[in-house]
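So you can see what is in the structure, the chains are spelled out below.
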Amino acid sequence: MVAVGPLWGLWYLPFLSGLAIGTATAVRGLRARTAVLAGTAAALAGWGAPLGWRAASGEAVAGTARTVAALAGLPALASLVIAVTLLLGLLQALLGVWLGRTATAALRPAR
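Along each chain, the written sequence defines residue order, and numbers are assigned to residues from 1. Where local features are concerned, this predicted model is filtered to residues with pLDDT of at least 70; where side-chain atom pairs are given and counted, the filter is 80 or more; whole-chain, interface and lining totals use all residues. Side-chain measures here rest on the full set of heavy atoms in the structure, leaving out hydrogens and waters.

Draft legend 1. How the structure looks around the overall build of the protein. Starting at the N terminus, helices and strands are each numbered in turn, a helix being any DSSP run of H or I of at least four residues and a strand any DSSP run of E of at least two. When helices and strands are tallied, the protein shows five helices and zero strands. Mapped from its N terminus to its C terminus, the protein presents α and β elements in the order α-α-α-α-α. Note on exposure labels: buried denotes an accessible area under 20% of the residue type's maximum, exposed denotes more than 50%, and partly exposed covers the range between, all computed with a 1.4 Å probe on protein chains only. Every one of the 111 residues in the protein was classed for burial, and the buried ones make up 26%. Working rule for contacts: check all heavy atoms of both residues, and any pair within 4.5 Å makes them a contact. Looking at the protein alone, contacts between residues at least 24 apart form 71% of all its contacts between residues at least 6 apart. Accessible surface is estimated by sampling points in the Shrake-Rupley manner with a 1.4 Å probe; for residues, cover comes only from the protein chains shown. Of the roughly 6900 Å² of accessible surface on the protein, a fraction of 73% belongs to carbon and sulfur atoms.

In structure tokens form, the structure reads like this:
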């Protein structure tokens, strides 16, 4: 789900997948570590795969990243912009995991 989203311009899908992962792991009673690892894998693979695919198919991913870095006033390093992009996807997914687990725990009836 996360890997197809960037191709359609749906940049918020790491958050939604993290929310689903967090909710599912909380309902099943799995540990938070499992949810964090699954969210991390989904975000990094989901945003890393389309970037790799676009670079392999001949699109100017590195050139675009260097231009974005230069416009942001950063050193013109493609790897820096790509790392920040993956970090933003990771943060979205982890915030979704946190919200899903927290909301599920708050809505669960007291035992």
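Draft legend 2. How the structure looks around the packing of aromatic side chains. Pairing of aromatic rings covers Phe, Tyr and Trp, the last counted by its six-membered ring, and requires centre-to-centre distances within 6.5 Å; plane angles under 30 degrees mean stacked, over 60 mean edge-to-face, and any other angle means tilted. This structure, assessed with the given rule, holds one aromatic pair. Seen from their ring centres, Trp11 and Tyr12 are 5.6 Å apart, and the 85° between their planes marks the pair as edge-to-face. For Trp11, a relative accessible area of 56% translates into the label exposed. Looking at Tyr12, the relative accessible area reads 34%, which means it is partly exposed.

Draft legend 3. Looking closely at helix H4 (residues 61-71). The complete set of buried residues in H4 reads Val61, Ala65 and Ala69. Along H4, the residues classed as buried sweep out an arc of 70° about the axis, all on the same side. As used here, the arc belongs to the directions running from the helix axis to the C-beta atoms.

Draft legend 4. Focus on the packing of helix H2 (residues 13-28) against helix H5 (residues 78-107). Interaxial angle, 0 to 180 degrees, is taken between N-to-C directions of lines fitted to C-alpha atoms, where a helix line uses only the stretch in contact. Interhelical geometry of H2 versus H5 gives an angle of 35° and a closest axis separation of 6 Å. As H2 packs across H5, the resulting crossing turns out to be right-handed. Mapping the contact onto sequence places Leu13, Pro14, Phe15, Gly18, Leu19, Ile21, Gly22, Thr23, Thr25, Ala26 and Val27 in H2 and Gly89, Gln92, Ala93, Leu95, Gly96, Val97, Leu99, Gly100, Arg101 and Thr104 in H5. Residue polarity follows a fixed list, in which Ala, Val, Leu, Ile, Met, Phe, Trp, Tyr, Cys and Pro are nonpolar, Asp, Glu, Lys and Arg are charged, and the others, Gly among them, are polar. Split by residue class, the contact of H2 with H5 holds eleven nonpolar, nine polar and one charged. Each helix crossing is assigned a hand: it is left-handed if the near helix lies turned anticlockwise from the far helix by less than a right angle, otherwise right-handed if that turn is clockwise.

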